[in-house]
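Structural characterization, general
If you want the building blocks of each chain, they are given just below.
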Amino acid sequence: LFINSIYQVPCFSHAKKGIMIVHFPFQKRVDFEGRIGYRWEQRTAISKAFRRLYYKIEWRARFHSYNAKVANSEFTRQWVKKYWDVDCKVISPPIDNMFTRGRQRMNTILSVGRFSVGGHNKKHLPMIQVFKDLYCAGLSDWEYVLIGGLKEYESGDKQYFSSLQKASQGYP
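Residues numbered from 1 in each chain as written. Predicted model: local features only at pLDDT ≥ 70, side-chain atom pairs only at ≥ 80, totals over all residues. Heavy atoms only, no water.

Description of the overall build of the protein
Secondary structure summary: the protein contains six helices and six strands in total. Put simply, the protein runs from its N terminus to its C terminus through helices and strands in the order β-β-α-α-α-β-α-β-β-α-β-α. Here the C-alpha radius of gyration of the protein, 22 Å, is well above what a compact globule of 172 residues would show, namely 16 Å. Long-range pairs, those at least 24 residues apart, make up 58% of the contacts in the protein with a sequence separation of at least 6. (Helix = DSSP H or I, 4+ residues; strand = E, 2+ residues; numbered from the N terminus. Rg over C-alpha atoms; globule rule 2.2 N^0.38 Å. Contact = heavy atoms within 4.5 Å.)

Below you can see the structure in the form of structure tokens.
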């Protein structure tokens, strides 16, 4: 049994049984096939046609080498379909509530995601604004908590984080 837990295009599975678990398909098919950029533009039409045919065959074989293709969420499944044109079953990660058993719930909205300007920006500023609007409309016994990573060497990310701190000042 070969279980491949991935973010990129998977390697071939040579095991009798193979399971591919996708967390998010960061690499697009066109990037994998090299169909963008200067080198692609310099190829002749026949070279492009043969390359597309080869990668179409390889792509199909690569994914057919797995008996099961799994995404960790419906969100991921949709992106796998869009980026890779591959259907997956969704199996959400198990969540054990051992930390909350017997505890009283708190009125907290928790948002978890890296503080980053580029890539998959988590839209913190609009979320803060919505919370502020809800708070002013009477949701005053709730708090909004942001948790995430910050690359301190990225000046744009640090400025973004500072803007979040400023936007949320005076609110729980």
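Some thoughts on helix α6 (residues 155–168)
The end-to-end C-alpha distance of α6 is 20 Å, a good match for the 20 Å that 14 residues give at a rise of 1.5 Å each. Along α6, the residues classified as buried are Asp-157, Tyr-160, Leu-164 and Ala-167. Projected down its long axis, α6 carries its buried residues within an arc of 85°, all on one side. Structural note: α6 exposes Ser-155, Gln-159 and Lys-166 on the side pointing more than 90 degrees away from its buried face. Elements that come into contact with the buried residues of α6 comprise α5 (124–136). Just downstream of α6 lies Gly-170, where phi reads positive at about 90°. (Expected span 1.5 Å × (residues − 1). Buried < 20%, exposed > 50% of the residue type's maximum accessible area, 1.4 Å probe, protein only. Arc of directions from axis to C-beta.)

Thoughts on the sheet that holds strand β3 (residues 68–71)
Spatially, the four strands line up as an open sheet ordered β1-β2-β3-β4, and their pairing is parallel. Edge positions in the sheet fall to β1 (2–6) and β4 (89–90), since each of these pairs with one other strand and no more. By the bridge criterion, five bridges tie β1 to strand β2 (residues 18–22) in an arrangement that is parallel. Of the residues in β2, the one forming a bridge with Phe-2 is Gly-18. (Pairing = 2+ DSSP bridges.)

Some details on the packing of aromatic side chains
For any pair of aromatic rings, the description consists of the separation of the ring centres together with the inter-plane angle of the planes. If you walk through the whole model with that rule in mind, you get 18 aromatic pairs. Taking 6.0 Å as the distance between ring centres and 50° as the angle between the ring planes, the aromatic pair formed by Phe-24 and Trp-79 counts as tilted. You can see Phe-24 sitting in the loop between β2 and α1 (29–33) and its partner Trp-79 sitting in helix α4 (residues 74–84), a full 55 residues away along the chain. Taking relative accessible area as the criterion, Phe-24 reaches 7% and is therefore assigned buried. A relative accessible area of 24% means that Trp-79 is categorised as partly exposed. Both rings, one in Trp-59 and one in Trp-84, keep their centres 6.5 Å apart while their planes meet at 80°; by these two values the pair is edge-to-face. Taken together, the residues Trp-59 in helix α3 (residues 45–64) and Trp-84 in helix α4 connect sequence positions 25 residues apart. Here Trp-59 and Trp-84 have matching classes, each one buried. One aromatic cluster in this structure is built from Tyr-7, Phe-24, Phe-26, Phe-75, Trp-79 and Tyr-83. (Phe/Tyr/Trp six-rings, centres within 6.5 Å; stacked < 30°, edge-to-face > 60°.)

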